[in-house]
Amino acid sequence: MSEMDPREAEIDSLLRRSMAAPVPRLPPDFDQVVAREARRRSQGPQRYGRILLAGYGVMSAAVSVVLMRGQGLGWGMIAAMTLGPLAVVEAVRRLRRKQLEVAAATWQEHRG
Amino acid sequence: MNSDSQLVARAQDGDEEAFAELFRRHGDPVFRLALSILGQAFAAEAQDVVQEVFLKVHHALASFRGEAEVGSWIYRITFNQAVNLKARARYQRPHLDEAALTHAVAAEPGPYAQVESAQRDQALGECIQTLPEVYQSALRLYYWLGASVAEVAALLDVPENTAKSYLHRARQLLGGMLKEKGYSYV
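Residues numbered from 1 in each chain as written. Chains lettered and ligands numbered in written order. Predicted model: local features only at pLDDT ≥ 70, side-chain atom pairs only at ≥ 80, totals over all residues.

(A) Broad picture of the overall build of chain B. Helix and strand content of chain B: 9 helices and 0 strands. Along its sequence from the N terminus, chain B presents helices and strands in the succession α-α-α-α-α-α-α-α-α. Evaluated residue by residue, chain B yields a buried proportion of 34% over its 186 residues. (Helix = DSSP H or I, 4+ residues; strand = E, 2+ residues; numbered from the N terminus. Buried ≥ 20, exposed ≤ 12 C-beta atoms within 10 Å, placed from the backbone.)

Have a look at this one:
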């Protein structure tokens, strides 16, 4: 701030005087309050969401198996077509996690 | 020690301790940023902002792809949340009653000096309120909350030179406004 002209320096001094006031702080247990609230908000929808998703998955798999069997497909092919997409989803999830870890390592390396 | 990105990756897998560590690292800066946007009279609202920001972060963890730094991401959410709250709170009374104001004035020496100083401070406060949000925030961070230019830059997610120019421009604008209102500020 050394490049201030005299008028700006006066405003600087006024702002320092005028804005001097105690600084509030977060309550010491505030992290626990937030963690509790985050848990409360995420648990309800997550549980019902998972139950709903699992039910939908089981139902659609059962219907698919019946239909594919009706079309004369063998059990091996049916298993591959049902479990294949699940394997792809899991592989993508792992790949994304790995990318995040690489990004974190690169970032840390970059910082020092 | 884990980096922020590693903490996010752990939190994405449901590690609550990782989320708690993120709060320990960023809770205080988020509170300061919220205070700098809302102003001195809205400390309680700034706490609400902190809670809402971390609940949003918790909710959005699954979709965070690591394209931005975690701190920048959190501070951007904070800025938006606080500005939205400020727009809603603008028409509410601040949490200061008449007694508190009288007490604040009485703490200064000399009756004329008190009145003049209080009027000038009030005028300055009103002028600050008319500045763009980033200028207001930069001023409060620097002059009230004691942040360095580097901290102001980090919290507003801008380069240091930009933070310096925010402060410079804000001072220039305030000088002009106070002069227009007929106040001397020396």
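(B) Seen up close, helix α1 (residues 6-18) of chain A. Residues and elements named next belong to chain A. Its 13 residues place the ends of α1 18 Å apart at the C-alpha level, agreeing with the 18 Å of an ideal helix rising 1.5 Å per residue. If you check which residues of α1 are buried, you get Ile 11, Asp 12, Leu 14 and Leu 15. Seen along its axis, α1 keeps its buried residues to an arc of 165°; they face one direction. With respect to the buried face of α1, the exposed residues turned more than 90 degrees away are Pro 6 and Arg 16. (Expected span 1.5 Å × (residues − 1). Arc of directions from axis to C-beta.)

(C) Region of interest: the interface of chain B and chain A. Between chain B and chain A, the residue contacts involve 34 residues of the former and 29 residues of the latter. For the side of chain B that touches chain A, the secondary-structure elements that each account for two or more residues are α1 (4-12), α2 (16-38), α3 (43-60), α6 (111-130), α7 (133-144) and α9 (160-181) of chain B. A per-element tally of the side of chain B that touches chain A places α2(B) first, with 9 residues. Across the side of chain B that touches chain A, the residue classes break down as 18 nonpolar, 11 polar and 5 charged. (Contact = placed C-beta atoms within 7 Å. Nonpolar A, V, L, I, M, F, W, Y, C, P; charged D, E, K, R; others polar.)

(D) Examining α7(B) more closely. Residue and element names in this part refer to chain B. Helix length check: α7 (12 residues) gives 16 Å between terminal C-alpha atoms against 16 Å at 1.5 Å per residue, within 8%. Burial analysis of α7 places 10 of its 12 residues in the buried class, the great majority of the element. Among the residues making up α7, those that are buried are Val 134, Gln 136, Ser 137, Ala 138, Leu 139, Arg 140, Leu 141, Tyr 142, Tyr 143 and Trp 144. Of the residues flanking the end of α7, it is Gly 146, one or two places downstream, whose phi is positive at about 70°.

(E) Spatial organisation of the packing of α1(B) against α2(B). Residues and elements named next belong to chain B. Relative to each other, α1 and α2 sit at 145°, their axes nearing to 7 Å. Crossing angle aside, the handedness with which α1 passes α2 is left-handed. Across the interface between the two elements, Asp 4, Leu 7, Arg 10 and Ala 11 of α1 pack against Ala 18, Phe 19, Glu 21 and Leu 22 of α2. Across the contact of α1 with α2, the residue classes tally to 5 nonpolar, no polar and 3 charged. (Axes fitted to C-alpha atoms, helices over the stretch in contact; angles between N-to-C directions. Left-handed = near helix turned anticlockwise from the far one by under 90°.)

(F) Molecular detail of the confidence of the model for chain B. Per-residue confidence for chain B gives a mean pLDDT of 84, with 87% of residues at or over 70. Scoring of the predicted complex yields 0.69 for pTM and 0.76 for ipTM. (pLDDT = per-residue confidence, 0-100.)

(G) Layout of the nonpolar core. Ala34(B), Val50(B), Ala138(B) and Val152(B) are the most contacted members of the largest nonpolar core, which totals 53 residues. The element contributing the most residues to this core is α2(B), with 10 residues. (Core = buried A, V, L, I, M, F, W, Y, C linked by C-beta atoms within 7 Å.)

(H) Molecular detail of the environment of Glu151(B). By secondary structure assignment, the location of Glu151(B) is in helix α8 (residues 149-156). Expressed as a C-alpha distance, the spacing of Glu151(B) and Pro29(B), which sit 122 residues apart in the sequence, is 9.1 Å.

(I) Local environment of unusual backbone geometry. Residue and element names in this part refer to chain B. Its identity as a non-glycine residue notwithstanding, Asp 157 has a phi of 60°, on the positive side. Within the secondary structure layout, Asp 157 lies in the loop between α8 and α9. Since 17 C-beta atoms lie within 10 Å of it, Asp 157 is described here as partly exposed.

(J) Highlighting the environment of Glu126(B). With respect to the helices and strands, the residue Glu126(B) is situated in helix α6. Once the C-alpha coordinates of Glu126(B) and Met177(B) are considered, the two residues, 51 residues apart in sequence, prove to be 9.9 Å apart.

(K) Up close: the confidence of the model for chain A. Of all residues in chain A, 88% attain a pLDDT of 70 or more, and the chain-wide mean is 84. When pLDDT is averaged over each element of chain A, α1(A) comes out on top at 89 and helix α3 (residues 75-111) of chain A at the bottom at 81.

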